[in-house]
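Report on the structure
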Amino acid sequence: MTAKAIMRVGKLKSLGSVGGSEKHTARLQDTPNADPYKENIRLIGESDDPELEKIVLSKIADHTKHKPRKDAVLCSEIFLSASPEFFRPHDPSKAGEWDEELMWDFANASSKWLQDNFGDKCVRAELHLDESTPHIHAYIVPINDKTKQLSHKEMFGGDGRQASIKLSKFQDSYAHALAPLGIERGVKGSKATHTKVKEYYSSVNSEPLTLELDRLAPKQGETAQQLFKRIKSDPTIQTINHQLADHRRIIELEKRASQKANASEKLRSELENRVAELEEENFYWKQQADQLRDLPLEDVAWHLGLDKADKGENRWKGLGQVININDSKWYDFTAEKGGGGAIDLVMHVSGCNFRSSVAWLHDRFGSEGMLRATRAYTQTQATKIVAEEPAHMFVPPKKDDEKWQAVQNYLTQTRGLPENFLTALRSNGWLYADNQQNAVFTMRQLPKEAPSLKTETTGAFLRGTRGEDNSFMGYALGTKRTLGWFYFDLGGKPTDELQKVVICKSPIDALSCAALSVSAHSGMTPTRTMFLAVDSPKSLPLDFLKDIPAVTVACDNDDAGRSMGQAIKELLPQTTIARPKTTDWNTELLEYSRLESTGRPLSEKKRNRGVEY
């Protein structure tokens, strides 16, 4: 069925009527059939405009020459809408629902029609979306441009035939404005009675009406289709349809409101419990904070025998001393000496040492007070030490080239590492021998952007090589384990973006994995790969690794190795875990080299050693 345009006009003859209408249309009062969770839209006028009464009075004062008659219509209210078929073409019976695009087409066309026909006389237009069907309430101040007087009759017609003609012309005009949307005018000249705005709302919100069965009974010669159309177009039936739709909608709204009320009550209870928990936590942390603060120096001064001076707000005197106290600081004007904290004050006034002052505080303030004072004293002294004493800085172990051959022999013969790997590392300064014949693996910051050989050295890992069963290993003094790592890149081009990182427990394991990788691929891999030594998840460079496409943890084949691999995988989801068949990756390399010397097929060696990670 084709949607029809709806237009009705009402009169507001008093300011009370204007204000009452505004209370409804602006939702300044409770509206039973309105959905409180939907928001209406002001199409004409601003949200912060003054009351409608003031706007109307201001308009009348500015644009009329004479005082309005007592029976004059101060404001005309226009109701604009379309039948439900337009807003919800798939199911017109679903009150409170609409197609968003169709709704805005209607709102924009109606707003333009109001502005084209009434200009600035239209002082407000509200689009209601919280009832059964979208509709507009517009307020027109009916000023006659010629006479400069209020005249609803001149604009819309009075009563009878004249009103019918003028209203019909407006209805024609409005229907023409909505025609591009597929909305038609109602049957022109129809004898159907059009309900006024006030009566329309009164009927929608009233109790169900009684059907006039005799009046709607089939007429002689009337077909079933004609009867259906007559009944459907009957104002009484339309009113009942509105009532039923609104009642169904109100029931649904009440149901939703009840559900939300229950949810709100549950949330309120949860919030109350949480507030109580927070208050308890706040009390606990306040107690903790009080314990961390020093004792009030005013209390300590009083117990030391000092009294508040008559002059000077913060001055205390006694025993020939005049001491100014300002929070945790004090200054003795007589001795011209100052300090901070309860322990310092006790030592100064009593002339005792640290141990005696602690004992005195325990005697006067108990264990808790004494601990508060000693914590504050320790914190003050520690802060002073940090400010004055430089931290031990990393100094690279002294290089001893005479020891290099012995170190290289250990790494190539005992550990089976490729000599060309060691030569490359030494030429870059990443591996050398110290004067104790330790292999020194330097630890450097990771590159922040493009691959770079020039990064700051922050530490070193030492591996003893002297003697047959040398187990000496560890970090050089001053090494920052979370700011630098031993690493090197293989495969691809030096300028290629890093595609993979292999994490190993130690520098020797990292070199072993790299050697196995080269053997497995019969040469360098086509993708740029970094081999990185990390012995604990605590020193894992997460910010660097999180954006690397592939990460492999080459851990030892024991419980500690498996635990470390799993911990890293939880931190970096792109991680895969590789384990050697032997205990660790250096032993794996040595076994691989032994098998290679036996002359077994290369493919079998690769398969049996599990180096395809």
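These figures come from a predicted structure and were not determined experimentally. (Residues numbered from 1 in each chain as written. Predicted model: local features only at pLDDT ≥ 70, side-chain atom pairs only at ≥ 80, totals over all residues. Heavy atoms only, no water.)

**Considering the overall build of the protein chain**
- In terms of regular secondary structure, the protein chain is built from 19 helices and 21 strands.
- A burial count over the protein chain gives 40% of its 613 residues as buried.
- For the protein chain, the share of sequence-separated contacts (at least 6 apart) that also reach a separation of at least 24 residues comes to 67%.
- For the protein chain, the exposed area adds up to about 35,300 Å²; of that, 51% sits on carbon and sulfur atoms. (Helix = DSSP H or I, 4+ residues; strand = E, 2+ residues; numbered from the N terminus. Buried < 20%, exposed > 50% of the residue type's maximum accessible area, 1.4 Å probe, protein only. Contact = heavy atoms within 4.5 Å. Areas by Shrake-Rupley, 256 points an atom, 1.4 Å probe, with all protein chains shown as cover.)

**Examining the confidence of the model for the protein chain**
- Confidence in the prediction of the protein chain, expressed as mean pLDDT, is 86, and 86% of residues score 70 or more.
- This stretch, residues 604-613, has a pLDDT under 50; its non-local contacts, to residues over four places away or in other chains, come to 35 contacts. (pLDDT = per-residue confidence, 0-100.)

**Points about empty space enclosed by the protein**
- By the definition in use, this model includes 1 cavity of 30 Å³ or more.
- Of the voids in this model, the largest cavity is the one considered here, and its volume is about 40 Å³.
- Together, L490, G491, A514, S517, V518, M524, T525, T529 and F531 line the largest cavity.
- Of all the secondary structure elements, the ones that give two or more residues to the lining of the largest cavity are α15 (507-520) and β19 (529-533).
- The element best represented in the lining of the largest cavity is α15, accounting for 3 residues. (1 Å grid on protein atoms, 1.4 Å probe; cavity = no way out; pocket = protein on both sides within 12 Å on 5 of 7 lines; lining within 4 Å. Points joined across faces, edges and corners; volume = space filled by probe spheres on them.)

**Section: the state of the cysteines**
- One pass over the full model with this rule turns up 0 disulfides.
- Cysteine C75 is unpaired, with the sulfur of C122 as its nearest cysteine sulfur at 8.9 Å.
- The exposure class assigned to C75 is buried, which follows from its relative accessible area of 0%.
- Cysteine C504 shares no disulfide, and the gap to the nearest cysteine sulfur, in C513, comes to 3.5 Å. (Disulfide = S-S within 2.5 Å.)

**A short note on the nonpolar core**
- Formed by 33 residues in total, the largest nonpolar core has its most connected members in L411, L431, F441, F488, L511 and F531.
- Here this core takes 7 residues from α15, the largest share from any one element.
- With sequence-adjacent residues up to four places away left out, L411 is seen in contact with G416, L417, L422, L431, A439, F441 and I508.
- The next biggest cluster of nonpolar side chains, apart from the first, holds 31 residues, and it includes A5, F170, Y174 and A175. (Core = buried A, V, L, I, M, F, W, Y, C linked by side-chain atoms within 4.5 Å.)

**Here we look at the pairing of strand β20 (residues 550-554)**
- Of all the 5 residues making up β20, 4 are buried; the element is thus mostly covered by neighbouring parts of the structure.
- By the bridge criterion, 5 bridges tie strand β18 (residues 500-504) to β20 in an arrangement that is parallel. Across the sheet, residue K500 finds its bridge partner in β20, namely A550.
- With 4 bridges connecting them, β20 and strand β21 (residues 575-578) associate as parallel partners. The residue of β21 that forms the bridge with V553 is I577.
- Handedness of the crossover joining β20 and β21 through helix α17 (residues 559-571) is recorded here as right-handed. (Pairing = 2+ DSSP bridges. Right-handed = clockwise from strand over helix to strand, strands pointing away.)

**A look at the sheet that holds strand β1 (residues 5-12)**
- One open sheet holds the 5 strands; their spatial order is β1-β3-β5-β4-β2, and the pairing between them is antiparallel. Lying at the two open borders of the sheet, with one neighbouring strand each, are β1 and β2 (41-44). Averaged over all adjacent pairs, the angle separating strand axes in this sheet is 20°, with direction ignored.
- Note: β1 against strand β3 (residues 75-82), 8 bridges, orientation antiparallel. For K11, the partnering residue across the bridge sits in β3 and is S76. (Axes fitted to C-alpha atoms, helices over the stretch in contact; angles between N-to-C directions.)

**A short note on the packing of aromatic side chains**
- For the structure on display, the rule yields 15 aromatic pairs.
- Relative to F156, the ring of F118 lies with its centre 5.9 Å away and its plane at 35°, an arrangement referred to as tilted. In this pair, F118 sits in helix α4 (residues 100-118) while F156 sits in helix α5 (residues 152-156), placing the two residues 38 residues apart along the sequence. For the pair F118 and F156, a shared accessibility class is recorded, and that class is buried.
- When the centroid spacing of 5.5 Å and the interplanar angle of 25° are considered together, the rings of F118 and F170 count as stacked. (Phe/Tyr/Trp six-rings, centres within 6.5 Å; stacked < 30°, edge-to-face > 60°.)

**Regarding the pattern of salt bridges**
- Evaluation of the coordinates by the stated rule reveals 22 salt bridges.
- For the salt bridge of D116 with K112, the shortest nitrogen-to-oxygen distance reads 2.8 Å. One end of the pair, D116, and the other, K112, are both in helix α4, 4 residues apart, so they sit about a helical turn from each other. The pair D116 / K112 is uniform in exposure class, with both members exposed. (Salt bridge = Lys/Arg side-chain N within 4 Å of Asp/Glu carboxyl O.)

**Considering the pairing of strand β14 (residues 438-444)**
- Most of β14 sits inside the fold, with 7 of its 7 residues counted as buried.
- Where burial is concerned, the two faces of β14 agree: the one with N438, V440, T442 and R444 and the one with A439, F441 and M443 are both buried.
- The pairing of strand β13 (residues 431-433) with β14 spans 3 bridges and is classified as antiparallel. Directly across from A433, in β14, lies its bridge partner A439.
- Here β13 folds back onto β14, and the loop between the two strands holds 4 residues, one of which, Q437, carries a positive phi near 65°.

**Some remarks on the sheet that holds strand β12 (residues 337-340)**
- Read across the open sheet, the 5 strands follow the order β8-β9-β10-β11-β12; overall the sheet is antiparallel. A single partner strand is all that each edge strand has here, and the edge strands are β8 (307-308) and β12.
- Bridging between β8 and strand β9 (residues 315-318) involves 2 bridges; their strand directions are antiparallel. Following the sheet pairing, D307 is matched in β9 by K317.
- Packed onto the sheet, helix α11 (residues 342-350) meets β10 (321-326), β11 (329-332) and β12 and runs at close to 175° relative to β10.

**Description of the environment of K569**
- Looking at where K569 falls in the secondary structure, it is placed in helix α17.
- Apart from the residues lying within four places of it in its own chain, the contact partners of K569 are T575 and I577.

**What to know about the side chain of N586**
- Relative to the helices and strands, N586 is located in helix α18 (residues 585-597).
- Of the residues examined, N586 reaches a relative accessible area of 4% and is grouped as buried.
- When near neighbours in sequence (up to four residues on either side) are disregarded, N586 contacts R415, L417, I508, D509 and S512.

**Considering the packing of α11 against helix α12 (residues 354-388)**
- The contact between α11 and α12 brings their axes to 9 Å, and the two run at 160°. With respect to α12, the element α11 is oriented roughly antiparallel. Two packed elements cross with a definite hand, and for α11 against α12 that hand is right-handed. Along the contact surface, α11 presents A342, I343, D344, V346 and M347, while α12 presents F354, S357, V358, W360, L361, A373, T374 and Y377.
- Residue composition of the contact of α11 with α12, by class: 10 nonpolar, 2 polar and 1 charged. (Parallel < 35°, antiparallel > 145°, perpendicular 65-115°, else oblique. Left-handed = near helix turned anticlockwise from the far one by under 90°. Nonpolar A, V, L, I, M, F, W, Y, C, P; charged D, E, K, R; others polar.)

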